[in-house]
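Structure assessment
One-letter residues, chain by chain:
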Amino acid sequence: LLGLGLNIIVGYSGQLVLGYVAFFATGAYTFALLTAPEPHGIGMALWLAVLLAVLVSTLTGLLLGLPILNLRGDYLAIVTLGFGEIVRILIKSDLLTDITNGPKGVTSVGQPTLFGNVFTDINYMHLLTILVLVGLFVAKRLRDSRTGRSWIAIREDQTVAQATGINTYRSKILALLLGAAFAGLAGALFASRNQFTGPEDFTLMVSVNVLCIV
């Protein structure tokens, strides 16, 4: 799922984002904090928590993208890499322990149920397989759409794409938002499957590994 999301940003629109793990962490922590008994004890319904995790990750993508997406190439890569590290340091910080549980992470994260039974490994495998297939379908439809052709034009030559009337800034923002939404969904499922999420799950190597998938 992370690979499909980053492929929209890097593969289709050609924006080299090295801090993709930040959206993954945002989704995982949002889901964990909404469903775990500690530190807040919110106990939100799981599927609503998944939806909010995707929404918060998408908003994070918007907040990151608005000021920086006029950058290109190495500059964009360095800024997003820094953003990913900032998120990891913040969730690990003692100053935010009351909100994120600090270095200890969040335990007893909520799990979905099927006919009254908690999901097994096989249930998770089936769910993830379905979501990856849906993600592949959505990504293909996007690629073949007018929006997808705009992304590919920007990837090949942004200056020429702009000259032909494509709103490059809006197209790049849309790619980042969709990629962030995929990461938020993956993060929520990751936290639920492990029943735990902590700062060390979201190192730079996660972004590097996903980029290798792309």
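Each chain carries its own residue numbering, running from 1 in the written order of its sequence. Whole-chain, interface and lining totals are the exception, using all residues; otherwise, since this is a predicted model, local features are given only for residues with pLDDT of at least 70 and side-chain atom pairs are given and counted only at 80 or more. Note: side-chain values were computed over all heavy atoms of the structure, leaving out hydrogens and water.

**What to know about the overall build of the protein**
For the record, the criterion: The helix count covers DSSP runs of H or I at least four residues long, the strand count covers runs of E at least two residues long, and both are numbered beginning at the N terminus. The globule rule is 2.2 Å times the number of residues to the power 0.38, and the radius of gyration it is compared with is taken over C-alpha atoms. Remark: exposure states derive from per-residue accessible area (1.4 Å probe, protein chains only) relative to the maximum for the residue type, with buried under 20%, exposed over 50%, and partly exposed in between. Residues count as neighbours in contact if any of their non-hydrogen atoms are within 4.5 Å of one another. What sets the accessible areas is the Shrake-Rupley method with a 1.4 Å probe; for residues, cover comes only from the shown protein chains. Note on charges: Lys and Arg go in the positive column, Asp and Glu in the negative column, and His and the chain ends are not counted at all. Where a charge sits is defined by one atom per residue type, namely NZ (Lys), CZ (Arg), CG (Asp) or CD (Glu).
Scanning the protein from N- to C-terminus turns up ten helices and four strands. The C-alpha atoms of the protein give a radius of gyration of 18 Å, which matches the 17 Å a tight globule of 214 residues would have. Seen along its three principal axes, the alpha-carbon backbone of the protein occupies a region of about 55 × 40 × 25 Å. When burial is assessed residue by residue, the protein has 48% of its 214 residues classed as buried. Intrachain contacts of the protein at a sequence separation of at least 6 include 74% that bridge at least 24 residues. Accessible surface computed for the protein: about 10,700 Å², of which carbon and sulfur atoms make up 66%. For the protein, the distance from the average position of its 13 positive side-chain charges to the average position of its 11 negative side-chain charges is 13 Å.

**As for helix α10 (residues 204-213)**
Spelled out, the test is: To obtain the arc, one takes the directions from the helix axis to the C-beta atoms.
Along α10, the residues that are buried comprise Val206, Ser207 and Val210. Taken down its axis, α10 places every buried residue within 95° of arc, on the same side. Among the structural elements, α1 (2-12) and α2 (21-35) are those in contact with the buried residues of α10.

**Description of the side chain of threonine 60**
Along the chain, threonine 60 falls in helix α3 (residues 46-68). Once you skip the residues sitting within four places of it in the chain, threonine 60 turns out to touch Phe23, Thr26 and Phe83.

**Remarks on the nonpolar core**
Operational definition: Put simply, a nonpolar core is a bunch of buried Ala, Val, Leu, Ile, Met, Phe, Trp, Tyr and Cys residues held in one set by side-chain atoms that sit within 4.5 Å of each other.
Core analysis: the largest hydrophobic core is formed by 56 residues, its most contacted members being Tyr20, Phe23, Phe31 and Phe202. Only α1, α2, α3, α4 (73-92), α6 (121-144), α9 (168-194) and α10 provide two or more residues apiece to this core. Sorting elements by how many residues they give to this core places α9 first, with twelve residues.

**Overview of the packing of α1 against α6**
Think of two packed helices as two axes; the pair is described by the angle between the axes and how far apart they sit. We count it as follows: For helices, the fitted line uses only the C-alpha atoms of the stretch in contact; every axis is such a line through C-alpha atoms, and the angle between N-to-C directions lies from 0 to 180 degrees. For classification, angles of less than 35 degrees are called roughly parallel, those exceeding 145 degrees roughly antiparallel, those between 65 and 115 degrees roughly perpendicular, and all remaining angles oblique. Helix crossings are classified by the rotation of the near helix relative to the far one: an anticlockwise turn of less than a right angle makes the crossing left-handed, while a clockwise turn makes it right-handed. Residue type decides the class: Asp, Glu, Lys and Arg count as charged, Ala, Val, Leu, Ile, Met, Phe, Trp, Tyr, Cys and Pro as nonpolar, and the leftover types, Gly among them, as polar.
It is the contact of α1 with α6, at a shortest axis distance of 10 Å, that shows an interaxial angle of 20°. Viewed along their axes, α1 and α6 adopt a mutual orientation that is roughly parallel. In the crossing of α1 with α6, the sense of the turn from one axis to the other is right-handed. Of the residues in α6, those touching α1 at Leu4, Ile8 and Tyr12 are Val132, Gly135, Leu136, Ala139, Lys140, Leu142 and Arg143. In terms of residue class, the contact of α1 with α6 is made up of seven nonpolar, one polar and two charged.

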